[in-house]
Amino acid sequence: MPPQRRSAGMSQNKETKKRPESSSTDFKTSTELSVKKHRDKDADFVTLCTSLHVSDLVCDRTWKMYKGLQESLDEFAEDQKRLWAASLFAVVTDMDAASFTVTQVLKAVSMNLKQFLALVRKLDINLDTISTKVNSALTRLDNKHDVTLALYQKFEKTCKKIFAEAPESKESEITRTCWTMFLLAKGKALQMEDDLVISFQLLLCTLELFIKRCPPDMLQPLYQSAISKVQIPVTRTSRRNQNNAKARPVVPEVDMQLLETLCKENQCNVDEVKNVYQTSFSAFLVSLDLLKAPGLPQASSINQQYEEHYLKSRDIDARLFLDSDETLVAPKVDPVQVERTPKKNMLEEDAMPIHQTPIRAAMNSIQQLRGDLISRGDRPSTNLVTYFKNCTVDPTRDVLKRLETMGPKFSQRFAEAVGPRCITLGKQRFTLGVKLYYKVMEAMLKSEEKRLSVQNFSKLLNDPTFHTSLLACALEVVMATYGESSFKTGGYNNGRCGGIPGEADLCFPWILDVLNLSAFDFYKVIESFIKADVTLSKDIVKHLETCENLIMERIAWKTDSPLFELLKQEHEGGAVEQAEAPASFNQPLQHNHTAADLYLSPVRPCLRIVPPESPATAGAPAAAPAPSQPAPQAAGQNPRHLKSNSLSLFYKKLYRLAYTRLKMLCSYLLSPYPELEPIIWTLFQHTLQHKYELMRDRHLDQLMMSAMYAICKVKSVDLRFKAIVSSYKNMPNTNQETFKHVLIAEDHYDSIIVFYNQVFMQRLKTNILQYASTRPPSLSPIPQIPCSPYKFPSSPLRVPGSSNVYISPMKSTRSPGIMTPRSRMLVSIGESFGTPNRFQKINQMVSSGDRSLKRTSDHGGAPKILKRLRFDVDGQDEPGGSKSDGDSTLIQRLNDLTSARNRMQEQKMKEDAESRKEHH
C-alpha cells in the first residue's frame, strides 16, 4: 500500500533536511570558481557559472540538479543553457548564496522574466526538486514585476500629459531620471515593494518634485498653471541627541496646488498622497540632501545610487522598462478587435470606453469605498447610540476603549510590514475601517430588530468577540480595497510559511494576528457582514469568500483554535451526536444564520425551548435561549445534548467545500472511473467527522489527496501521488506548500507522501481496507452544492420578458454616472433623470431592448446579427416602418420591475418563515 518514493537526486533542497555545516563556510572561502575543479562538466555550463561569479559549491549543486532533471525534461534538450540558468537560480536562492542579479541571469540566456519564472517552476518534476523558499521567491518576483510594469505604463502615459514636446534628449533625460528616482525612493521607503497603491502615491510625489523644478517651457499648460507660488513647508523631525530640539522648518517644498492637480488627474486621494509626501518621501529627500537643492536632481547621482540598490537586492533592473527591454517586457501582440457599438448610438459623454488598468481599478475601488463612507463619522451614529442606550448594559464605553487600544497597535504593525514611516497611513486605514465597522454594525442591528422585533441587544453588543470580529472584517475589506491583502500566493504568507525570512505582508490572516482573534470567531461574522453591506463590490465579496474558504481549509484547524474544544464537547456528548449528520448533506444549505445566531448561541437545543418574543431572549436569536440560561427539560425526558449552532453551520460549509474540491480533482484524474468518486468522498467525509484530529495544523486538501490515493490503491487503480500533485497544482487557490510542507509529528514536516505513509494510512488502515472487502461501508450522501450566498448583493435580476433589462439594489446615493462604464447607461429610480431628452433616450433604449439585430444603416442593406446585445439610443424607426409606442413600453417595463421586486420580497418573507420554522 505505501507508495514508492521517487527522487531526482535533489534531497539537499528539502527544507526538512539539514544542510551540511560546511556549506556556508565553503561559500565564504571559495567565492571564485576554480575551472580546473569542473572539468567533468560541460564547458559552456562552466563558462556560464564563471560569468555569473558563482562559487564551486553552487556550481556542483547546480550540475547535480541539472543531471537529475535531464532525463525528465527532454523538451529542453536543445535549450540546455536556459535550463542551467533556471537551475542556478533555484540553487542560489535555496542557499542564500546569490552572486548575480535576476536581470544578469536573464541577460546571460536572453530570456524574458515571465518565461524564466515558468521554466523554474517546470523544474519541479518531483515533490522535492524545488523548495517552498524558491517558490516564494518566484511569486515575489512575479508580483513585483506586475506592479512595476503597471506603474511604468501609468508613468509613461502621465508624462505625455505633463511634458510638452521638447528636444528628445532633454525630455528623455528628465523622464529617465524621474523614473529612476522613483524606483530608488520605492526601494528605500517601502518594505512591501509590490504595494501598488502606496507605490503609485510615491510616484505622484516624485512627479510633483520634477514638475515644479522643471523649466516651465517644457511643461504642458495645465501643469504650468498648476504650480503655485506659495508652498507648504515640510517639517523634519530633529535627530536624536540634539537636546530634544523642536522640529525646525526647512525649505518650502510641498506645492499643494500642483499635488491636487496631479491627484485629480489620476483619481487619487490628495490627503493620502500628502501624507506619503510628508513622511516617506520627505525623509527620502533628506537622505539624498535634495530638499535644499533648487534644480532637478543630478541624473548621474540618482543612477549610481539606484545601481547600488539594485545590485544589493539581487533583483530586476526596473530601469530597463524605459527601453522596453525584452527581459522585462513581453513581445507585443496585436490586440484583439472587439466589436463596439457605433459612436452615433452612444451619448456624447459615453463615446469612449474605459480601459480598466490595474491602477485605474485600484483608484476606482478606493474612491467607491471612501465615497460610501464619506458621510460616516469615526464615532457611533445617532441610531447606533440609540441601540447602545437601549441595552441593559450600555456598551459605548467598552466599544470606544477597545478602538482606542487597537488603533495604535494596528498602525504600528502596518508600518512594520509596509515601511518604517507609514504609521500615519496605518491610522488612515484604521479610521476607514472604524467607519465601515459602525456602518455595518448599524445595518446588522436594524436587520435583527426587524427579524426579532426587539431593540435590546445587550448580550450581543457586550460581547467583545463579536466587536473584534466585526472590526477585523471591516479592516480586511479596507486592506483588500487598497490591494494590500490578496491571495496571489494561494493564501499563504511568504514570511510565515517557508518563505523568505523576515519578509512580511498584509495578506489574510495578518489581521487576525494583529487583533488576537481566532479564525473560527472571524468566520462567524463574514456572511452577515456581506449581507449587511450591499455596497461591497464583487471583488471584495469574492475576497471575503476566499477568506472563509481559507479558514475552513486550514486556518481554523490550528492547535489553539476553539474549534477543537467545540468538537471535543460534541463527541463527548454521545456517539449519536455528530458535528453534522450525513443525512443532511443532500439538503439545501439554508443561509439564514446571522451573526447574532453564531455569537450569542454557541449551543442550540434539539427541541424548541422559548418563543422568540419572550423577554428572556431579548437581543438573542429566535428559538435559542440566552447562553446564561439552561435549557428546561420536559418532565420525564432524559437530558439531551445541546448542539453547537456555529459548529453545525461550519461543518455544513466545510463538507460542501470539501466535496467541491474533490469533485474537481476527480474530474482531472478519474473520469474513466466515475464509481470511485462517491467512495473517496465517503472516506474523506469519515475522516473529517471521526478523525478530525488529523486536521490539526494541517490542510483540508492533504486529507483529500490522501483519501484519493488510498481508495485507488485498494481498488487497484494505478494512480501515483506525482499525478495527483500535478493535477492538484492546476486547481484554483492552491499552493505547493500544501503537499511539500505537511505536519508529520511535532515540529517535523515533510511531503504528502511521507504524511500518507506515516500518519494517514496508519490511522485509517482498518477503515481503508474495508473498501476492498465484499461488504464495504455504506456510502455517504453527496452534499448539495448551492449557489454562493454572497452573489445576491451585486447580481442584477433580469426583467421577465426582456433580454437585456436588469434591476439590482441601489448601492449608494451617488450619481450612477460615477460607477457605470461609459458605454452603458444606468438609471436610479428616485433620482433626477437630468436633461429632458435623457428620459426620451431611456425610453428608446427600453423599447428596443428585445431585438438582437443591428439597425439597418442609413445606406440600407440587410440587418446584421450582433455578437453582443446593446441598447439603441438613436431613435430610429422599428423594422417595417412603424415606430414603437415608447411610453406604453416603458410603463410595461416598470410594471415588470414592480412585479420582480414583489417576487423578491415574497421570497424573502418565505425564507424568513422557513428560518423561524427551522429554529422552532
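Residues numbered from 1 in each chain as written. Predicted model: local features only at pLDDT ≥ 70, side-chain atom pairs only at ≥ 80, totals over all residues. Heavy atoms only, no water.

Draft legend 1. Region of the structure containing the pattern of salt bridges. One pass over the structure, following the stated rule, counts 31 salt bridges. Here Arg413 makes a salt bridge to Asp513, at a shortest N to O gap of 2.7 Å. Within this pair, whereas Arg413 is found in helix H16 (residues 396–418), its partner Asp513 is found in helix H20 (residues 510–515), the two being separated by 100 residues in sequence. Between Glu548 and Lys653 there is a salt bridge, with its nearest N and O atoms 2.9 Å apart. Here Glu548 is found in helix H22 (residues 538–553), whereas its partner Lys653 is found in helix H25 (residues 645–669), with 105 residues between them in sequence. For Glu548, a relative accessible area of 4% corresponds to the buried category. (Salt bridge = Lys/Arg side-chain N within 4 Å of Asp/Glu carboxyl O. Helix = DSSP H or I, 4+ residues; strand = E, 2+ residues; numbered from the N terminus. Buried < 20%, exposed > 50% of the residue type's maximum accessible area, 1.4 Å probe, protein only.)

Draft legend 2. Seen up close, the environment of Ser518. Tracing the chain through its elements places Ser518 in the loop between H20 and helix H21 (519–532). Along the backbone, Ser518 and Lys558 are 40 residues apart, and their C-alpha atoms lie at a distance of 9.3 Å. Among the polar contacts listed, one links the side chain of Ser518 to the side chain of Asp521, at a separation of 2.8 Å. (Polar contact = N/O pair within 3.5 Å; in protein donor to acceptor, adjacent residues only side chain to side chain.)

Draft legend 3. Highlighting the pairing of strand S3 (residues 742–745). Across 3 bridges, the pairing between S3 and strand S4 (residues 748–750) is antiparallel. Note that in S4 the partner of Val742 across the bridge is Asp750. Adjacent in sequence and paired antiparallel, S3 and S4 are bridged by 2 residues, among which Asp747 carries a positive phi angle near 60°. (Pairing = 2+ DSSP bridges.)

Draft legend 4. Just helix H26 (residues 676–690), in detail. For H26, with 15 residues, the first-to-last C-alpha span of 21 Å sits near the 21 Å given by 1.5 Å per residue. Of all 15 residues in H26, 12 are buried; the element is thus mostly enclosed. Leu676, Glu677, Ile679, Ile680, Trp681, Thr682, Leu683, Phe684, Gln685, Thr687, Leu688 and Gln689 are the residues of H26 that are buried. Buried positions along H26 lie against helix H23 (562–572), H25, helix H27 (700–714) and helix H30 (752–770). (Expected span 1.5 Å × (residues − 1). Contact = heavy atoms within 4.5 Å.)

Draft legend 5. Structural detail: the confidence of the model for the chain. Residue-level pLDDT values for the chain average 76, and 66% of them are 70 or greater. Across residues 334–354, confidence stays below pLDDT 50; counting only partners more than four residues off in sequence or on other chains, it has 32 contacts. This model gives residues 811–823 a pLDDT under 50, and the stretch forms 22 contacts once residues within four places in sequence are excluded. (pLDDT = per-residue confidence, 0-100.)

Draft legend 6. Representation of the environment of Ile511. One can find Ile511 in helix H20. Put simply, Ile511 and Phe410 are 101 residues apart on the chain and 8.5 Å apart in space, counted from C-alpha to C-alpha. Filtering out sequence-adjacent residues up to four positions away, Ile511 remains in contact with Phe410, Ala472, Leu475 and Glu476.

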